[in-house]
Amino acid sequence: MCGIIGYVGSRPAKEIIYSGLQRLEYRGYDSVGIATLGKKIKIIKAVGPTNKLDLDLVDATATTGIGHTRWSTHGKPTETNAHPHSYGLITLVHNGIIDNYQELKEKIGQPKLKSQTDSEVLAALIDHYYNSKNNLIEAIRLAISDARGTLGIAVITKDHPNQIVVARRGSPIVIGVGDKQNFVASDSSAIVDHTSKVIYLRDDQIGLITPNSVELFDMKLNSQEVSIETLDNNSELLDKGQYSSFLEKEIFEQPTSLGNVMRGRVGSDGSIVLGGPNLSQSEIQSIKRILIIGCGTAYYAGYYARYELEKILGLQVTVEHASEFRYRHGALEPESTLAIFMSQSGETADTLASLREAKRRGLKTMGIINTVGSTIAREVSHGGIYLHAGIESSVASTKAYSSMVVALLMFGAFVAYKQGRDASMTRKIAQELLALPNEVSLALENKSQIDKIARKLSKYDNWFFLGRGTLYPVAQEGSLKLAEVAYINSQALPSGEMKHGPIALVDKKHLSVLLLPEDQLLYKKNLSTLEEIKARGGNVLTISSRPKEKLSDFHLELAYSGEYTNGLIYNVYLQLITLAIATKKSLNIDRPRNLAKSVTVE
Ligand code: F6R
């Protein structure tokens, strides 16, 4: 989604803004722009990647500037619609959506706009108030009071050459604190090369930033306390190193990221220590129902854990798409329900809106989040678990997924222990979890064998991913990954559903990936699915811990890591299949078309 970067200091702004925009590329975008503030404001824009910007056209000596990567919502991806937008004395970059932009246009007498964006309307509105009040902070305050929707903005004006003003409502803004220089960004990855000291702007806060100062104000323009936090991100995490894509790097980082999510939390004696969830003993005792909410891959991680948590806790566990939860009207039981919000970015608009809805309806809410200090992490009522997976740069999520599953398994074992359930079960979960990083390393060693088979599979344009039990959500995640990264039409189904309709699609050009489980009974049931597909001329890749079945066309064998974690080993294989096919097709693996990393619009 859209990204913001800004600099104010004594170095040439354009270089810093340019490299910040490159850092933001992982979020997905279709156009870019930079404004430098020297004697005059100069703006350059381009449709397409950052390297299409002609840096010679901006002021090389300017030491203040803002930049933006745009993911279109209002208006097509054109240079005119790209940010920064200037109107009158105001130049701004904007993330988010102004819902009432038509109304605002009327309010200020239908200004003559160049673009079709809601963002330019916001620039015109700020300019309108700036002309009458002659005070930029007041003008921004009035404009954002009028605006409905979401915004994260950075504003410059030639009247104040060494200053950027930022504001947020619903769309993140982080201020990076340097030595005689300061930075602004929509996420910290854009500034980690320069500083690890950050200030997270809160909703309805305005920040005034100069090279030597940061002042914060609330919506009544009262001064607010500035609290500086330290990032634990390391800028080295942002380099691909020996890998050909971030996706590959992040798949191979999983042994480390899985170790990180468990560090200090899982003991070899079976103890689980979680400091993040803020749940009293009586609140834990009262949990009768768990609701897991997220989008995309985060949702599938919750779906995986649903099967295991039901087994571990004997409770009703439901999983909801965040984009649907808000429109459901079923009775909720606040006293006994815990809602867990899953998000890598911690900023996904639908997940955030669902969190607010759940809180409004009185539920206890917890987060399982990768990005420290993100909005969802800060708004949950009962704390949660940080994944500590490091920055995930590839648009498609891989390491965050496996860490989310592990975080939920740890939480299940934690609640089981606190609720006084069978200690031998929590010990078994802990042991499986501790062995998992090594099991994943071993699975990754099979890459070349997986590549060989995947290359043969790349000729199929239509796929099914099939599994039962926990392997059904693993199939869902595998199918999403293949579709989004390798652009292959695929759907995931519980194996048993095939004969209720979808089998009509099977023919000799169709491939089914059948995830065969360890469990003897379920294994046999899946064999009938294999037979049904073969009888209709379909092709099947089986993946299991047993030798190849005669009927299967392709087969990959994996190691059995245990009942709670085994799905994650299948998942590693599916991740590697997608990587191999997208590589063979020479696709832009880290930035698939039409997608954005952090989906901050509903
Ligand atoms: C798929 C993918 C998306 C995200 C989804 C939620 O590979 O990355 O489906 O999982 O947009 O994002 P977060 O976890 O940031 O809330």
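The rules behind each value
Residues numbered from 1 in each chain as written. Predicted model: local features only at pLDDT ≥ 70, side-chain atom pairs only at ≥ 80, totals over all residues. Heavy atoms only, no water. Near = heavy atom within 4 Å. Polar contact = N/O pair within 3.5 Å; in protein donor to acceptor, adjacent residues only side chain to side chain. Areas by Shrake-Rupley, 256 points an atom, 1.4 Å probe, with all protein chains shown as cover. Helix = DSSP H or I, 4+ residues; strand = E, 2+ residues; numbered from the N terminus. Nonpolar A, V, L, I, M, F, W, Y, C, P; charged D, E, K, R; others polar. Domains from an automatic or database assignment. Patch = residues over 30% accessible without salt bridge, like charges linked within 9 Å, V, L, I, M, F, W, Y side chains within 5 Å. Salt bridge = Lys/Arg side-chain N within 4 Å of Asp/Glu carboxyl O. Lys, Arg positive; Asp, Glu negative; His and termini not counted. Charge placed at Lys NZ, Arg CZ, Asp CG, Glu CD. Axes fitted to C-alpha atoms, helices over the stretch in contact; angles between N-to-C directions. Left-handed = near helix turned anticlockwise from the far one by under 90°. Contact = heavy atoms within 4.5 Å. Expected span 1.5 Å × (residues − 1). Bend = angle between axes of the 7 residues up to and from the residue. Buried < 20%, exposed > 50% of the residue type's maximum accessible area, 1.4 Å probe, protein only. Pairing = 2+ DSSP bridges. Core = buried A, V, L, I, M, F, W, Y, C linked by side-chain atoms within 4.5 Å.

## Focus on the site of the ligand
Step number 1: With respect to spatial proximity, 14 residues lie near the ligand, and among them Ser343, Gln344, Ser345, Thr348 and Glu484 are the closest.
Step number 2: In the model, an oxygen atom of the ligand is placed 2.6 Å from a nitrogen or oxygen of the Gln344 main chain.
Step number 3: Isolated, the ligand exposes 410 Å² of accessible area, and the fraction of that covered by the protein chains is 90%.
Step number 4: Broken down by secondary-structure element, the contributors of at least two residues to the shell around the ligand are helix 8 (296-313) and helix 15 (471-486).
Step number 5: Looking at side-chain class alone, the shell around the ligand contains five nonpolar, seven polar and two charged residues.
Step number 6: Both domains that furnish three or more residues to the shell around the ligand are identified here as domain 2 (241-443) and domain 3 (447-584).

## A look at a positive patch on the surface
Step number 1: Taken together, the side chains of Lys452, Arg455, Lys456 and Lys584 define a basic patch exposed on the protein surface.
Step number 2: You can see Lys452 is positioned in helix 14 (residues 447-457).

## Some remarks on the packing of helix 13 (residues 423-444) against helix 17 (residues 566-584)
The relative placement of two packed helices comes down to the angle between their axes together with the axis-to-axis distance.
Step number 1: Taken N-terminus to C-terminus, the directions of helix 13 and helix 17 make an angle of 35 degrees; their axes are 10 Å apart at the nearest point. Considering how the two elements wind past one another, helix 13 and helix 17 form a crossing that is right-handed. In this structure, helix 13 uses Leu436, Glu439, Val440, Ala443 and Leu444 to contact helix 17, whose residues at the interface are Leu568, Ile569, Val572, Tyr573 and Leu576.
Step number 2: Its residues assigned to classes, the contact of helix 13 with helix 17 shows nine nonpolar, no polar and one charged.

## Things to note about the domain arrangement of the protein
Step number 1: Considered domain by domain, the protein is made up of domain 1 (3-233), domain 2 (241-443) and domain 3 (447-584).
Step number 2: A separation of 46 Å is found between the C-alpha centroids of domain 1 and domain 3.

## A closer look at helix 8
Step number 1: In this model, helix 8 (18 residues) spans 25 Å end to end at C-alpha, consistent with the 26 Å of a helix rising 1.5 Å per residue.
Step number 2: Maximal helix bending in helix 8 amounts to about 30 degrees, located at Arg306.
Step number 3: Counting buried positions along helix 8 gives 13 out of 18 residues, so the element sits mostly inside the fold.
Step number 4: At the C-terminal side of helix 8, Gly314 shows a positive phi close to 65 degrees.

## A look at the pairing of strand 13 (residues 213-217)
Step number 1: As defined by bridge partners, strand 12 (residues 205-210) adjoins strand 13 across five bridges and the pair is classed as antiparallel. Bridge assignment links Gly207 to a residue of strand 13, and that residue is Leu216.
Step number 2: The hairpin turn running from strand 12 into strand 13, its antiparallel successor, is two residues long.
Step number 3: Alignment of strand 13 against strand 14 (residues 223-224), held across two bridges, turns out to be antiparallel. Considered in strand 14, the bridge of Phe217 is made with Ser223.
Step number 4: If you look at the hairpin formed by strand 13 and strand 14, you'll find five residues sitting between the two strands, and Leu221 has a positive phi there, around 65 degrees.

## Describing the nonpolar core
Step number 1: The biggest cluster of nonpolar side chains holds 95 residues, and the ones touching the most others in it are Met410, Phe411, Trp463, Ile543 and Ile577.
Step number 2: No other element matches the 14 residues that helix 12 (residues 399-418) contributes to this core.
Step number 3: Both domains that meet at this core, namely domain 2 (241-443) and domain 3 (447-584), each give it at least three residues.
Step number 4: Leaving out residues up to four positions away in the same chain, Trp463 has contacts with Leu457, Leu482, Ile488, Asn489, Ser490, Gln491, His510, Leu511, Val513, Ile577 and Ile581.
Step number 5: Core analysis: the second largest hydrophobic core is formed by 31 residues, Tyr130, Ile144, Val155 and Met219 among them.

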